[in-house]
Amino acid sequence: MLPPNHSSSQQAHSSGATPKTARSKTAQSKTAQSKTARQIAFEALRAIDRGAFADVVLDRQLNQAQQLSAQDKGLATELVYGTVRRRRTLDALIDQFGKRPASKQQADLLQILRLGFYQLRYLTHVPDHAVVDTTVQLAKAQRLGKLSGVVNGMLRQYIRDAATADPLKLPTQPTARLGTLHSYPDWIVRVWQTMLPDSEVDALCDWFNQPPKLDLRINLRQHSLGEAESIFEAAGVAVEQVPAVPSALRLKAHSGAVTQLPGYAEGWWAVQDSSAQLVAYLMDPQPGETVIDACAAPGGKSLHIAELMGNEGIVWSCDRTASRTKKIQQNIDRLGSTCVRPLMCDSRNQPNFVNRADRVLLDVPCSGIGTLNRHADARWRQTPDSVKDLVTLQRELLSHAATWVKPGGVMVYSTCTLHPDENEAQIQWFLAQHEGWQLVPPDASFGISPTEDGWVKVWPHRQNMNGFFMAKLRRS
């Protein structure tokens, strides 16, 4: 059975739209502008397919397209992120409706077909005929000749089939079924299936395909959460508090630059995901302490730690590259911290810090599969082999950063991934290899209940925030 139709006035998002089977015939399209937006999307997708990062290439394309209206820039953004995110599902449709499978299609034709099928399946504000016409015109503009007829035929057949049933044929094998339906590689689905029943894996996959929310961390030393909420609402910006996170406000809807929001220039808030805000609360830094943030850029957690310390003490905010260390300084300047000190260094080899820290934060580089809603192409970039490389790096960082902690001090290990090899297995390995350390569960006031083992795992479909893992370790 097909899902209920959406209203034609409801703009579907690339990450969360429900498959569409009908549209209002009254919807209007701005043909010339739409073609321009689609051309930009096509060129971005071609660059991404050749290895470019989605956010980088799209920003570049939009900056060069000054003639585009804000609406058409939104359409181009929707098409790029949505098509990248839904790639596996779209390729399954191409396999079904084409004489050649997606893997055998000519490269430019493949991107054009993906764009067409994405619009037919996931957008509700563009009529079917406009999708077909603009996609065929895009094929002609790329001088694909008779292949433009292939585009026309495949898209029209989808429309005919969608009139009575969902055209997408799903595999019967559970992993492949979930991966095809929600557009994930099988290996990621299998990782989650080792920890969750399939019903929850389905919910998790769906959550990551929803539009990402924008969360702010309010500096509670400048405004209470209630005061900040009132200021935003007085400015016509709808916000809501996030359960379990004392400093978080979530924007209910937002368009435009964050620099135009109340309080940006004054520096009394920063953009930071709610789950990432929990890390500083788990660390529980105290005024006057020496804290080291080992992998800090762009500095959000360092600055949150400094706020909790009342800017009394020292927070060394470390990163390996000059450009990323510069971002830390830029955030220090805007938010007005007086105790955060940026330092460019490799945290796998910094002997000057040995036994100097009361607390260490080790928010390690990771696969990022707890934040897949924010990074459209991450699910296709990461592989089991890349995870293995990250596990090696994480262990090097754990072993060295542990030497910085004074006896009686604390180290917090955190990731924004939901892969057990980067999370639970790392803590188990560390405790087995390093004597004199123990896992410390958070106290009862912490917003997320720990697992039976004592670490914290944030599941997006349960807590409605990005996936995160964190563990607090104390040296005896």
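Residues numbered from 1 in each chain as written. Predicted model: local features only at pLDDT ≥ 70, side-chain atom pairs only at ≥ 80, totals over all residues. Heavy atoms only, no water.

Draft legend 1. Up close: the overall build of the protein chain. Looking only at helices and strands, the protein chain features 18 helices and 12 strands. Computed over the C-alpha atoms, the radius of gyration of the protein chain is 24 Å, within 12% of the 23 Å expected from 2.2 N^0.38 for a compact globule of 476 residues. Its C-alpha atoms put the protein chain at 70 × 50 × 40 Å along the principal axes. Looking at the protein chain as a whole, 52% of its 476 residues are labelled buried. Considering only contacts within the protein chain whose residues lie at least 6 apart along the sequence, 74% involve residues at least 24 apart. (Helix = DSSP H or I, 4+ residues; strand = E, 2+ residues; numbered from the N terminus. Rg over C-alpha atoms; globule rule 2.2 N^0.38 Å. Buried < 20%, exposed > 50% of the residue type's maximum accessible area, 1.4 Å probe, protein only. Contact = heavy atoms within 4.5 Å.)

Draft legend 2. Inspection of the environment of alanine 306 at higher detail. Locating alanine 306 in the fold gives a position in helix H13 (residues 300-308). Alanine 306 gets classed as buried once you look at its relative accessible area, which sits at 0%. Separated by 34 residues in the primary sequence, alanine 306 and valine 340 place their C-alpha atoms 6.7 Å from one another. Not counting residues within four places of it along the chain, the set of residues in contact with alanine 306 comprises Asn311, Val315, Ser337, Cys339 and Val340.

Draft legend 3. Fine view of the sheet that holds strand E4 (residues 269-271). Reading across the sheet, the 4 strands line up as E2-E3-E1-E4 and stay open at both edges, with antiparallel pairing between neighbours. The open sheet is flanked by strand E2 (239-241) and E4, the only strands paired with a single partner. Strand-to-strand twist of the sheet, defined as the mean angle between neighbouring strand axes without regard to direction, takes the value 30°. Sheet analysis places E2 next to strand E3 (residues 248-251), joined by 3 bridges and oriented antiparallel. (Pairing = 2+ DSSP bridges. Axes fitted to C-alpha atoms, helices over the stretch in contact; angles between N-to-C directions.)

Draft legend 4. The arrangement of unusual backbone geometry in detail. Between alanine 297 and the following residue, proline 298, the backbone shows a cis peptide bond with an omega angle of 5°. Looking at where proline 298 falls in the secondary structure, it is placed in the loop between strand E5 (289-293) and H13. The phi angle at aspartate 284 is positive, at roughly 55°, despite the residue not being glycine. Within the secondary structure, aspartate 284 sits in the loop between helix H12 (274-283) and E5. Here aspartate 284 falls in the partly exposed class, since its relative accessible area comes to 38%.

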